[in-house]
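Below, each chain spelled out in residue letters.
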Amino acid sequence: MRSLVSIAQWSRSTIERVLKLALEIKHEPARYRDALLDRTLVMLFEKPSLRTRVSFEAAMTQMGGHAIYYDLRDSPLGRGKESIEDTARVLGRYADLLMARLYRHEDIVRLAQHAGVPVINGLTNDEHPTQILADLLTILECKGRLAGLRLAYVGDGLNNVTHSLLLAAGRMGMHMRVGSPNDPAYRPDPAVLRRARIMARATGARIEVLDDARAAVRGADVVYTDSWMSYHIPEDQMEERRRRFLPYQVNAALMKHARRDAIFLHCLPATRGCEVTDDVIDGPASRVLQEAENRLHVHKAVMLYLLHPAASRL
Ligand code: CP
Ligand code: NVA
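Basis of the calculations
- Residues numbered from 1 in each chain as written.
- Chains lettered and ligands numbered in written order.
- Predicted model: local features only at pLDDT ≥ 70, side-chain atom pairs only at ≥ 80, totals over all residues.
- Heavy atoms only, no water.
- Near = heavy atom within 4 Å.
- Polar contact = N/O pair within 3.5 Å; in protein donor to acceptor, adjacent residues only side chain to side chain.
- Areas by Shrake-Rupley, 256 points an atom, 1.4 Å probe, with all protein chains shown as cover.
- Nonpolar A, V, L, I, M, F, W, Y, C, P; charged D, E, K, R; others polar.
- Phe/Tyr/Trp six-rings, centres within 6.5 Å; stacked < 30°, edge-to-face > 60°.
- Helix = DSSP H or I, 4+ residues; strand = E, 2+ residues; numbered from the N terminus.
- Buried < 20%, exposed > 50% of the residue type's maximum accessible area, 1.4 Å probe, protein only.
- Lys NZ or Arg CZ within 6 Å of the ring centre and 35° of its normal.
- Salt bridge = Lys/Arg side-chain N within 4 Å of Asp/Glu carboxyl O.
- Expected span 1.5 Å × (residues − 1).
- Arc of directions from axis to C-beta.

Q: When you look at the site of ligand 2 in this model, what are you seeing that I'm missing?
A: Taken together, Leu123, His128, Asn159, Asn160, Asp226, Ser230, Tyr231 and Leu268 make up all the residues around ligand 2. At 3.4 Å from a nitrogen atom of ligand 2 is found a side-chain nitrogen or oxygen belonging to Asn159. Between Ser230 and ligand 2, the recorded distance is 2.7 Å, taken from a side-chain N or O atom to a nitrogen atom. Burial of ligand 2 by the protein amounts to 96% of the accessible area it has alone, namely 270 Å². Considering only residue class, the shell around ligand 2 consists of 3 nonpolar, 4 polar and 1 charged.

Here it is in C-alpha coordinates:
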(Lines give C-alpha, C1' and ligand atoms only; values in the text may rest on other atoms or scores of the structure.)
(Ligands and ions follow the chains in the order given, each with its own letter.)
Protein backbone atom coordinates (compact mmCIF):
# COMPACT_ATOMS: atom_id res chain seq x y z
CA MET A 1 0.00 0.00 0.00
CA ARG A 2 1.41 3.39 -0.98
CA SER A 3 1.64 5.97 1.81
CA LEU A 4 3.53 9.08 2.90
CA VAL A 5 4.50 8.48 6.51
CA SER A 6 8.12 9.60 6.13
CA ILE A 7 9.75 11.51 3.27
CA ALA A 8 12.54 8.90 3.43
CA GLN A 9 10.11 6.29 2.03
CA TRP A 10 9.96 8.09 -1.29
CA SER A 11 12.68 7.77 -3.89
CA ARG A 12 14.20 10.74 -5.63
CA SER A 13 12.27 9.97 -8.82
CA THR A 14 8.95 9.69 -6.96
CA ILE A 15 9.55 13.06 -5.30
CA GLU A 16 10.48 14.59 -8.67
CA ARG A 17 7.35 13.15 -10.33
CA VAL A 18 5.07 14.44 -7.58
CA LEU A 19 6.67 17.90 -7.70
CA LYS A 20 6.22 18.00 -11.46
CA LEU A 21 2.59 16.99 -11.09
CA ALA A 22 2.09 19.67 -8.41
CA LEU A 23 3.44 22.31 -10.81
CA GLU A 24 1.12 21.13 -13.58
CA ILE A 25 -1.84 21.24 -11.22
CA LYS A 26 -0.81 24.70 -9.99
CA HIS A 27 -0.76 26.07 -13.51
CA GLU A 28 -3.87 24.29 -14.82
CA PRO A 29 -6.08 23.48 -11.81
CA ALA A 30 -9.23 23.22 -13.94
CA ARG A 31 -7.85 20.14 -15.69
CA TYR A 32 -7.99 18.31 -12.35
CA ARG A 33 -11.50 19.43 -11.38
CA ASP A 34 -12.86 15.87 -11.37
CA ALA A 35 -9.63 14.01 -10.67
CA LEU A 36 -10.83 12.77 -7.25
CA LEU A 37 -14.57 12.73 -7.96
CA ASP A 38 -16.51 10.95 -5.19
CA ARG A 39 -13.34 10.20 -3.24
CA THR A 40 -13.33 10.71 0.52
CA LEU A 41 -10.41 11.85 2.64
CA VAL A 42 -10.65 11.50 6.43
CA MET A 43 -8.39 13.91 8.31
CA LEU A 44 -7.55 12.95 11.89
CA PHE A 45 -6.20 15.64 14.20
CA GLU A 46 -4.66 15.49 17.67
CA LYS A 47 -2.96 18.88 17.32
CA PRO A 48 -3.98 22.33 15.99
CA SER A 49 -3.62 23.30 12.33
CA LEU A 50 -4.43 26.12 9.92
CA ARG A 51 -2.54 25.30 6.72
CA THR A 52 -2.62 21.51 6.73
CA ARG A 53 -6.28 21.25 7.63
CA VAL A 54 -7.60 23.91 5.26
CA SER A 55 -5.34 23.16 2.29
CA PHE A 56 -6.14 19.42 2.34
CA GLU A 57 -9.87 20.14 2.57
CA ALA A 58 -9.71 22.75 -0.21
CA ALA A 59 -7.60 20.38 -2.34
CA MET A 60 -10.26 17.68 -2.04
CA THR A 61 -13.10 20.11 -2.87
CA GLN A 62 -11.24 21.49 -5.88
CA MET A 63 -10.70 17.98 -7.27
CA GLY A 64 -14.31 16.88 -6.86
CA GLY A 65 -13.85 14.88 -3.66
CA HIS A 66 -14.80 15.39 -0.04
CA ALA A 67 -12.79 15.76 3.16
CA ILE A 68 -14.00 14.94 6.67
CA TYR A 69 -12.34 16.67 9.63
CA TYR A 70 -12.20 14.40 12.66
CA ASP A 71 -10.93 15.75 16.00
CA LEU A 72 -9.46 12.72 17.73
CA ARG A 73 -10.32 14.13 21.15
CA ASP A 74 -13.94 13.26 20.30
CA SER A 75 -13.12 9.75 19.13
CA PRO A 76 -13.26 6.43 20.98
CA LEU A 77 -9.49 6.29 20.30
CA GLY A 78 -8.96 9.67 21.99
CA ARG A 79 -11.03 8.57 24.98
CA GLY A 80 -8.96 5.40 25.35
CA LYS A 81 -11.91 3.20 24.29
CA GLU A 82 -10.56 1.83 21.01
CA SER A 83 -7.19 0.82 19.61
CA ILE A 84 -5.41 2.51 16.71
CA GLU A 85 -5.55 -0.78 14.81
CA ASP A 86 -9.37 -1.03 15.05
CA THR A 87 -9.78 2.68 14.29
CA ALA A 88 -7.60 2.25 11.19
CA ARG A 89 -9.44 -0.86 9.97
CA VAL A 90 -12.85 0.79 10.32
CA LEU A 91 -11.81 4.07 8.68
CA GLY A 92 -10.35 2.14 5.78
CA ARG A 93 -13.89 0.83 5.08
CA TYR A 94 -15.28 4.39 4.74
CA ALA A 95 -12.48 6.46 3.28
CA ASP A 96 -10.29 6.23 0.19
CA LEU A 97 -7.47 8.02 1.94
CA LEU A 98 -6.46 9.06 5.48
CA MET A 99 -4.40 12.02 6.62
CA ALA A 100 -3.39 12.29 10.27
CA ARG A 101 -1.66 14.85 12.49
CA LEU A 102 -0.57 12.98 15.60
CA TYR A 103 1.86 13.32 18.48
CA ARG A 104 3.64 9.97 18.35
CA HIS A 105 5.25 8.92 15.08
CA GLU A 106 4.75 5.23 16.00
CA ASP A 107 1.01 5.88 15.95
CA ILE A 108 0.95 6.94 12.31
CA VAL A 109 3.09 3.94 11.41
CA ARG A 110 0.46 1.69 13.06
CA LEU A 111 -2.36 3.56 11.35
CA ALA A 112 -0.71 3.03 7.96
CA GLN A 113 -0.10 -0.66 8.68
CA HIS A 114 -3.76 -1.37 9.36
CA ALA A 115 -5.88 1.09 7.35
CA GLY A 116 -5.78 -0.78 4.05
CA VAL A 117 -5.90 2.63 2.27
CA PRO A 118 -3.09 5.17 1.73
CA VAL A 119 -2.13 7.19 4.81
CA ILE A 120 -0.52 10.65 4.73
CA ASN A 121 1.47 12.04 7.65
CA GLY A 122 0.12 15.55 8.30
CA LEU A 123 2.81 16.03 11.02
CA THR A 124 4.02 14.01 13.96
CA ASN A 125 6.50 15.02 16.66
CA ASP A 126 9.20 13.51 14.44
CA GLU A 127 8.38 14.36 10.81
CA HIS A 128 6.40 16.67 8.52
CA PRO A 129 6.75 15.27 4.98
CA THR A 130 3.95 17.18 3.19
CA GLN A 131 5.44 20.46 4.40
CA ILE A 132 8.81 19.53 2.99
CA LEU A 133 7.34 18.67 -0.42
CA ALA A 134 5.83 22.18 -0.52
CA ASP A 135 9.21 23.60 0.52
CA LEU A 136 10.97 21.70 -2.27
CA LEU A 137 8.43 22.97 -4.79
CA THR A 138 9.02 26.55 -3.60
CA ILE A 139 12.80 26.17 -3.82
CA LEU A 140 12.46 24.66 -7.30
CA GLU A 141 10.27 27.56 -8.44
CA CYS A 142 12.67 30.16 -7.02
CA LYS A 143 16.01 28.56 -7.85
CA GLY A 144 15.23 26.26 -10.78
CA ARG A 145 16.90 23.22 -9.20
CA LEU A 146 17.43 21.37 -5.93
CA ALA A 147 20.64 19.36 -6.27
CA GLY A 148 23.75 21.30 -5.32
CA LEU A 149 21.91 24.13 -3.53
CA ARG A 150 22.87 25.09 0.01
CA LEU A 151 20.10 25.02 2.61
CA ALA A 152 20.64 26.42 6.11
CA TYR A 153 18.25 25.63 8.93
CA VAL A 154 18.77 27.50 12.21
CA GLY A 155 17.02 27.15 15.56
CA ASP A 156 15.40 24.07 17.07
CA GLY A 157 17.21 21.10 15.56
CA LEU A 158 15.21 18.39 17.34
CA ASN A 159 12.20 19.21 15.25
CA ASN A 160 9.86 17.46 12.80
CA VAL A 161 10.47 20.01 10.03
CA THR A 162 14.25 19.86 10.52
CA HIS A 163 14.15 16.07 10.38
CA SER A 164 12.12 15.91 7.18
CA LEU A 165 14.30 18.61 5.61
CA LEU A 166 17.43 16.61 6.45
CA LEU A 167 15.99 13.46 4.90
CA ALA A 168 14.83 15.36 1.81
CA ALA A 169 18.18 17.13 1.44
CA GLY A 170 20.02 13.81 1.57
CA ARG A 171 17.61 12.30 -0.95
CA MET A 172 17.63 15.21 -3.41
CA GLY A 173 21.34 16.09 -3.22
CA MET A 174 20.99 19.42 -1.43
CA HIS A 175 23.74 20.47 0.99
CA MET A 176 22.25 21.21 4.39
CA ARG A 177 23.65 22.85 7.51
CA VAL A 178 21.75 22.87 10.77
CA GLY A 179 22.76 25.59 13.24
CA SER A 180 21.52 24.79 16.75
CA PRO A 181 22.72 24.78 20.38
CA ASN A 182 25.16 22.01 21.21
CA ASP A 183 22.76 20.04 23.40
CA PRO A 184 21.00 16.76 22.51
CA ALA A 185 17.66 18.40 23.45
CA TYR A 186 18.08 20.84 20.56
CA ARG A 187 20.00 18.78 18.01
CA PRO A 188 18.52 16.53 15.28
CA ASP A 189 17.80 12.96 16.30
CA PRO A 190 21.06 11.04 15.64
CA ALA A 191 19.12 8.25 13.88
CA VAL A 192 17.60 10.75 11.43
CA LEU A 193 20.98 12.34 10.88
CA ARG A 194 22.55 8.96 10.14
CA ARG A 195 19.81 8.13 7.66
CA ALA A 196 20.11 11.50 5.93
CA ARG A 197 23.88 11.07 5.66
CA ILE A 198 23.53 7.59 4.15
CA MET A 199 21.23 9.03 1.47
CA ALA A 200 23.57 12.01 1.04
CA ARG A 201 26.45 9.68 0.20
CA ALA A 202 24.55 8.51 -2.87
CA THR A 203 23.62 12.01 -4.03
CA GLY A 204 26.77 13.94 -3.13
CA ALA A 205 25.04 16.14 -0.54
CA ARG A 206 26.91 17.40 2.54
CA ILE A 207 24.98 17.35 5.82
CA GLU A 208 26.50 19.27 8.73
CA VAL A 209 25.40 20.31 12.21
CA LEU A 210 27.08 23.42 13.67
CA ASP A 211 26.85 25.47 16.86
CA ASP A 212 27.24 28.83 15.17
CA ALA A 213 24.26 30.32 13.34
CA ARG A 214 26.41 32.57 11.16
CA ALA A 215 28.61 29.70 10.05
CA ALA A 216 25.48 27.65 9.26
CA VAL A 217 23.98 30.43 7.12
CA ARG A 218 27.22 31.45 5.34
CA GLY A 219 26.78 31.23 1.58
CA ALA A 220 23.30 29.66 1.84
CA ASP A 221 20.82 29.78 -1.04
CA VAL A 222 17.91 29.09 1.32
CA VAL A 223 17.59 30.09 4.99
CA TYR A 224 14.93 28.23 6.94
CA THR A 225 13.67 28.39 10.50
CA ASP A 226 10.71 27.09 12.48
CA SER A 227 8.98 27.80 15.78
CA TRP A 228 10.99 27.37 18.98
CA MET A 229 7.79 26.14 20.63
CA SER A 230 6.39 23.35 18.44
CA TYR A 231 2.84 22.23 19.23
CA HIS A 232 4.04 19.38 21.43
CA ILE A 233 6.52 21.40 23.54
CA PRO A 234 5.23 22.17 27.07
CA GLU A 235 4.67 25.89 27.79
CA ASP A 236 6.96 25.75 30.82
CA GLN A 237 9.96 25.34 28.46
CA MET A 238 9.30 28.68 26.77
CA GLU A 239 11.65 30.88 28.77
CA GLU A 240 14.59 28.48 28.60
CA ARG A 241 14.10 27.90 24.88
CA ARG A 242 13.90 31.62 24.13
CA ARG A 243 17.17 32.10 25.97
CA ARG A 244 18.95 29.19 24.24
CA PHE A 245 17.65 29.89 20.73
CA LEU A 246 18.02 33.68 20.66
CA PRO A 247 21.48 33.50 18.98
CA TYR A 248 19.76 31.56 16.17
CA GLN A 249 17.09 34.16 15.44
CA VAL A 250 16.81 34.91 11.72
CA ASN A 251 17.17 38.68 11.54
CA ALA A 252 18.64 41.10 8.98
CA ALA A 253 22.14 40.73 10.48
CA LEU A 254 22.06 36.93 10.14
CA MET A 255 20.64 37.07 6.60
CA LYS A 256 23.69 39.14 5.56
CA HIS A 257 25.77 35.96 5.85
CA ALA A 258 23.67 34.15 3.24
CA ARG A 259 24.03 34.69 -0.50
CA ARG A 260 22.68 38.01 -1.75
CA ASP A 261 19.93 36.19 -3.66
CA ALA A 262 19.06 33.85 -0.76
CA ILE A 263 15.41 33.19 -0.01
CA PHE A 264 13.86 32.84 3.44
CA LEU A 265 11.41 30.02 4.23
CA HIS A 266 9.35 29.21 7.34
CA CYS A 267 6.69 26.53 7.47
CA LEU A 268 4.49 28.80 9.67
CA PRO A 269 2.99 29.44 12.17
CA ALA A 270 5.72 31.97 13.04
CA THR A 271 6.28 33.66 16.38
CA ARG A 272 7.48 37.02 15.11
CA GLY A 273 10.23 38.50 17.28
CA CYS A 274 11.40 35.03 18.33
CA GLU A 275 12.73 32.74 15.59
CA VAL A 276 12.32 35.45 12.93
CA THR A 277 12.03 39.23 12.89
CA ASP A 278 9.36 41.16 10.97
CA ASP A 279 11.87 42.71 8.59
CA VAL A 280 12.94 39.25 7.38
CA ILE A 281 9.58 37.47 7.22
CA ASP A 282 7.99 40.50 5.52
CA GLY A 283 11.13 41.40 3.57
CA PRO A 284 12.21 40.85 -0.05
CA ALA A 285 13.85 37.46 0.57
CA SER A 286 10.79 35.93 2.17
CA ARG A 287 8.80 33.34 0.20
CA VAL A 288 6.65 32.15 3.10
CA LEU A 289 3.28 32.83 1.47
CA GLN A 290 4.30 31.13 -1.77
CA GLU A 291 5.46 28.23 0.42
CA ALA A 292 2.13 28.12 2.30
CA GLU A 293 0.19 28.28 -0.99
CA ASN A 294 2.24 25.43 -2.37
CA ARG A 295 0.84 23.17 0.35
CA LEU A 296 -2.43 23.21 -1.61
CA HIS A 297 -0.87 22.21 -4.94
CA VAL A 298 1.42 19.61 -3.38
CA HIS A 299 -1.41 18.01 -1.41
CA LYS A 300 -3.39 17.60 -4.61
CA ALA A 301 -0.42 15.94 -6.26
CA VAL A 302 0.29 13.69 -3.26
CA MET A 303 -3.33 12.47 -3.11
CA LEU A 304 -3.46 11.91 -6.87
CA TYR A 305 -0.19 10.01 -6.78
CA LEU A 306 -1.34 7.81 -3.89
CA LEU A 307 -4.71 7.02 -5.47
CA HIS A 308 -3.75 7.05 -9.17
CA PRO A 309 -0.01 6.46 -9.48
CA ALA A 310 -0.27 6.68 -13.26
CA ALA A 311 -1.43 10.33 -12.98
CA SER A 312 2.06 11.41 -11.98
CA ARG A 313 3.45 10.05 -15.25
CA LEU A 314 1.34 12.48 -17.32
N1 CP B 1 2.92 24.49 8.35
C2 CP B 1 1.90 23.85 8.91
O3 CP B 1 1.81 22.62 8.93
O4 CP B 1 0.94 24.68 9.43
P5 CP B 1 -0.32 24.25 10.29
O6 CP B 1 0.18 23.81 11.64
O7 CP B 1 -1.16 25.49 10.38
O8 CP B 1 -1.04 23.13 9.58
N1 NVA C 1 7.63 22.21 14.28
C2 NVA C 1 6.32 22.77 14.24
C3 NVA C 1 5.74 22.72 12.85
C4 NVA C 1 4.38 23.33 12.74
C5 NVA C 1 3.81 23.23 11.36
C6 NVA C 1 5.41 22.02 15.20
O7 NVA C 1 5.53 20.80 15.31
O8 NVA C 1 4.59 22.66 15.83
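Read on, since the account is not over.
Q: In this structure, what is going on with the packing of aromatic side chains? I would like to understand it.
A: In this description, a pair of aromatic rings is defined by centroid distance and the angle of the planes. All told, the structure shown has 5 aromatic pairs when counted by the stated rule. Residues Trp228 and Phe245 carry aromatic rings whose centres are separated by 5.8 Å and whose planes lie at 35° to one another, so their mutual orientation is tilted. Within this pair, whereas Trp228 is found in the loop between β8 (222-225) and α9 (238-245), its partner Phe245 is found in helix α9, the two being separated by 17 residues in sequence. Taken as a pair, Trp228 and Phe245 share a single burial class, namely buried. What links up through ring pairs into an aromatic cluster is the set Tyr186, Trp228 and Phe245. Taking the ring centre of Tyr69 as reference, the NZ or CZ of Arg53 above it sits at 3.5 Å.

Q: Sorry if this is basic, but what is going on with the pattern of salt bridges here?
A: A side chain of one charge can pair with a side chain of the opposite charge if their charged atoms are brought near each other. Scanning the model with the defined rule gives 24 salt bridges in all. As a salt-bridge pair, Glu85 and Arg110 come within 2.9 Å of each other at their nearest N and O atoms. Of this pair, Glu85 sits in helix α3 (residues 84-94) while Arg110 sits in helix α4 (residues 105-115), and the two are 25 residues apart along the sequence. Classification of Glu85 by relative accessible area gives buried; the value is 19%. With relative accessibility at 28%, the residue Arg110 sits in the partly exposed group. For Asp221, the salt bridge is made with Arg259, and the minimal N-O distance between the two is 3.3 Å. Taken as a pair, Asp221 in the loop between α8 (213-217) and β8 and Arg259 in the loop between α10 (252-255) and β9 (263-266) lie far apart in primary sequence, 38 residues in all. You can call Asp221 buried: its relative accessible area is 6%.

Q: Mind showing me how you'd approach helix α1 (residues 12-27) here?
A: One turn of the α-helix equals 3.6 residues, which is why residues spaced by three or four share an orientation. Under the 1.5 Å per step criterion, the end-to-end length of α1 is 23 Å for 16 residues, consistent within 8% with the ideal 22 Å. Three or more residues of α1 are buried, namely Thr14, Ile15, Val18, Leu19, Leu21, Ala22, Ile25 and Lys26. Down the axis of α1, the sector holding all buried residues measures 160°, keeping them to one side.

Q: When you look at the site of ligand 1 in this model, what are you seeing that I'm missing?
A: Near ligand 1 you find Ser49, Leu50, Arg51, Thr52, Arg101, His128, Gln131, Tyr231, Cys267, Leu268 and Arg295, and these make up its full shell. In this structure, Arg51 approaches ligand 1 through a side-chain N or O atom, which is 2.8 Å from an oxygen atom. Within the side chain of His128, an N or O atom sits 2.9 Å from an oxygen atom of ligand 1. Here ligand 1, which alone exposes 260 Å², has 98% of that area covered by the protein. Counted by class, the shell around ligand 1 contains 4 nonpolar, 4 polar and 3 charged residues.

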